Amino acid sequence: MTMTMTKKTDSVASPDFAIFVLGLEQKYGVTLDEILEAVARFGYNRGKVQSYFEVQSYLKKNNLPLESVGSSMVNHWFPA
């Protein structure tokens, strides 16, 4: 159990994750807190985290309610 947890936290603390976060901040204009919230919701799954912000961006551009972005929508639009 500890080894699995260490692997997950090591992945999040990696330089690759920092680059991933910076890319999301720049591309989608989101804050670190918003990104960490998405990571907490979807786990360390880059595809789902990025998809979440892609869906949010789409909804913002089309003036649709952002509250409707949930796990099911991300999973439906962007399956793993």
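Residues numbered from 1 in each chain as written. Predicted model: local features only at pLDDT ≥ 70, side-chain atom pairs only at ≥ 80, totals over all residues. Heavy atoms only, no water.

Asker: Just to check I follow, could you spell out the environment of Val-30 for this structure?
Answerer: Considering the arrangement of structural elements, one finds Val-30 in the loop between helix H2 (15-28) and helix H3 (32-42). Judged by relative accessible area, Val-30 falls into the buried class, the value being 7%. Taking the C-alpha atoms as reference points, Val-30 and Phe-53, 23 residues apart in sequence, are found 8.5 Å from one another. Those residues in contact with Val-30 that sit more than four places away from it in its chain are Leu-24, Glu-25, Ile-35 and Phe-53. (Helix = DSSP H or I, 4+ residues; strand = E, 2+ residues; numbered from the N terminus. Buried < 20%, exposed > 50% of the residue type's maximum accessible area, 1.4 Å probe, protein only. Contact = heavy atoms within 4.5 Å.)

Asker: Help me understand the nonpolar core in this model?
Answerer: Note on soluble globular proteins: their nonpolar side chains tend to be buried together. The biggest cluster of nonpolar side chains holds 13 residues, and the ones touching the most others in it are Leu-24, Ile-35, Ala-38, Val-49 and Phe-53. At the level of secondary structure, the elements contributing two or more residues to this core comprise H2, H3 and helix H4 (46-61). No other element matches the five residues that H2 contributes to this core. Beyond its immediate stretch of four places on either side in the chain, Ala-38 contacts Gly-43, Val-49, Tyr-52 and Phe-53. (Core = buried A, V, L, I, M, F, W, Y, C linked by side-chain atoms within 4.5 Å.)

Asker: Sorry if this is basic, but what is going on with the packing of H2 against H4 here?
Answerer: Helix-helix packing: each pair is described by the crossing angle between the helix axes and the interaxial distance. Contact geometry of H2 with H4 gives a least axis separation of 11 Å together with a crossing angle of 10°. Judged by the angle between their axes, H2 and H4 are roughly parallel. Within the contact between the two elements, H2 uses Asp-16, Phe-17, Phe-20, Leu-24, Lys-27 and Tyr-28 and H4 uses Arg-46, Val-49, Gln-50, Phe-53, Glu-54 and Ser-57. Along the lines of polarity and charge, the residues of the contact of H2 with H4 split into six nonpolar, two polar and four charged. (Axes fitted to C-alpha atoms, helices over the stretch in contact; angles between N-to-C directions. Parallel < 35°, antiparallel > 145°, perpendicular 65-115°, else oblique. Nonpolar A, V, L, I, M, F, W, Y, C, P; charged D, E, K, R; others polar.)

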